[in-house]
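Per-entry structural report
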Amino acid sequence: MPGAIYAEGLVKSFGKVKALDGVDLEVPEGTVLGLLGPNGAGKTTTVRCLTTLLRPDRGKAVVAGLDVLKQPDAVRRSIGLSGQFAAVDEYLTGRENLQMVGQLYQMRAKAAKVRADELLEQFHLADAADRIAKTYSGGMRRRLDLAAALVVSPPVMFMDEPTTGLDPRNRQQLWEVIKQLVSGGTTLLLTTQYLEEADHLAHDIAVVDQGRVIAQGTSDQLKARTGGERVEVVVHDREHIAAASALLDKFSLRGPGKGDTAVEDHMRKITTPVSGGAKLLAEIIRELDADGIEIDDIGLRRPTLDDVFLSLTGHVAEAGREDAGDEGDDGKRTAEGQDRGRRPGKEAVK
Ligand SMILES: Nc1ncnc2c1ncn2[C@@H]1O[C@H](COP(=O)(O)OP(=O)(O)OP(=O)(O)O)[C@@H](O)[C@H]1O
Ligand SMILES: [Mg+2]
């Protein structure tokens, strides 16, 4: 029995560009799958294939128990979609936009109005409900677009970069709405370039690169694949580097002498992979102290999804969002998308 969303071997080319090169996915009912990948990885193309907007060249897809290629109309009635670029009618008010969607789905006018009011409230748009959408900020449009996708509470939802361009406060609010939605039983596939978002919302994460799913698992599973935790020590005196390195190597995960302990001379920093957490850290501190090795810093570093992404794809996520377009309510681009992707000097963990 396939999950609420199931894809097997999806292939899609645009001329010479192979946007999808055999995408396999499965999303169990009532769970959230985060599709994570750099620009051009094939996230939007995957979503468009699964939502009947694009016909794959090859492959199979089943959504809400329906064959996407053979029963596209029925699929459309069972899903909600919020696209990467908000699809609101600029010349209608927020309220009218939502009521119109309800009527498209054949809700009675009264019911559509009630539902619109609920959503306007939920998405903090009540005050702007009677202004035309053209006057909305980027963040408000994005919220309106998501609200529109939720008018009929479909069993399966697709969201393509739902929070790109939102400021941190708006992003948090949306996360709450999305969590509520999922706690009500909705199955969700969402694409994102924000690792933090995938970490926060998704049960499972599929990393997409060059039209393929190159890894899938929970955030913890993916992190474990990237090599687990490390101890980092910065010694005070350069002369102590060798002694500290030998000491740390005794604690390294695969045992001493395996060459797993790394030294960055200019930083006076020694790093070794370990398992044992805080307890081990305390032991290392005691031994360093007993040997008279003075330290400036010591810490346990756990891999982040950033590390996972980097080790899997060879490049950092969230880079180069210059084309991202939308701005947050306060007119500022979120700092996160820019800083996190541009962290200099990180090397692949491979
Ligand atoms: N309609 C199209 N015509 C030609 N090429 C396309 C079309 N749609 C997508 N592509 C190409 O297919 C590849 C995958 O694009 P897609 O939009 O799926 O990536 P994405 O992962 O959503 O990227 P982003 O993070 O920038 O949204 C890219 O190389 C893109 O240029
Ligand atoms: Mg996209």
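All figures in this text were calculated on a predicted structure; none of them were measured in a lab.

Right, let's get into the packing of helix α9 (residues 241-249) against helix α10 (residues 277-290). For the pair α9 and α10, interaxial distance at closest approach is 11 Å and the crossing angle is 145 degrees. In this structure, α9 meets α10 at a crossing whose hand is right-handed. Taken together, the residues of α10 that come into contact with α9 (itself represented by A244, L247 and L248) are I284, E287 and L288.

Taken as a whole and assessed by the stated rule, the structure comprises zero aromatic pairs. R171 extends its terminal NZ or CZ atom over the ring of Y194, reaching a point 3.7 Å from the ring centre.

We now examine the site of ligand 1. Neighbouring residues of ligand 1: 14 residues in total, closest G40, K43, T44, T45 and Q193. Between K43 and ligand 1, the recorded distance is 2.7 Å, taken from a side-chain N or O atom to an oxygen atom. Note that an oxygen atom of ligand 1 is positioned 2.8 Å from one of the side-chain N or O atoms of Q193. Coverage of ligand 1 by the protein chains reaches 65% of its 630 Å² of free accessible surface. At the level of elements, β2 (17-27) and α1 (43-50) are the ones that each hand at least two residues to the shell around ligand 1.

Let us look at the pattern of salt bridges. A full pass over the atoms with the stated rule returns 18 salt bridges. Taking the shortest distance from any N to any O, the salt bridge between R76 and D73 comes out at 3.2 Å. Of this pair, R76 and D73 both sit in helix α2 (residues 72-78), three residues apart, roughly one helical turn. Note on R76: relative accessible area 41%, which makes it partly exposed. According to the relative accessible area criterion, D73 is partly exposed, its value standing at 48%.

Attention now moves to the sheet that holds strand β12 (residues 262-264). The four strands lie next to each other as β12-β13-β11-β14, forming an open sheet whose pairing is antiparallel. The open sheet is flanked by β12 and β14 (295-301), the only strands paired with a single partner. Geometrically, the sheet is characterised by an average inter-axis angle of 15 degrees between neighbouring strands, direction not taken into account. By the bridge criterion, five bridges tie strand β11 (residues 230-235) to strand β13 (residues 269-273) in an arrangement that is antiparallel. Bridge pairing links V231 to T272 in β13.

About the thresholds
- Residues numbered from 1 in each chain as written.
- Chains lettered and ligands numbered in written order.
- Predicted model: local features only at pLDDT ≥ 70, side-chain atom pairs only at ≥ 80, totals over all residues.
- Heavy atoms only, no water.
- Axes fitted to C-alpha atoms, helices over the stretch in contact; angles between N-to-C directions.
- Helix = DSSP H or I, 4+ residues; strand = E, 2+ residues; numbered from the N terminus.
- Left-handed = near helix turned anticlockwise from the far one by under 90°.
- Contact = heavy atoms within 4.5 Å.
- Phe/Tyr/Trp six-rings, centres within 6.5 Å; stacked < 30°, edge-to-face > 60°.
- Lys NZ or Arg CZ within 6 Å of the ring centre and 35° of its normal.
- Near = heavy atom within 4 Å.
- Polar contact = N/O pair within 3.5 Å; in protein donor to acceptor, adjacent residues only side chain to side chain.
- Areas by Shrake-Rupley, 256 points an atom, 1.4 Å probe, with all protein chains shown as cover.
- Salt bridge = Lys/Arg side-chain N within 4 Å of Asp/Glu carboxyl O.
- Buried < 20%, exposed > 50% of the residue type's maximum accessible area, 1.4 Å probe, protein only.
- Pairing = 2+ DSSP bridges.

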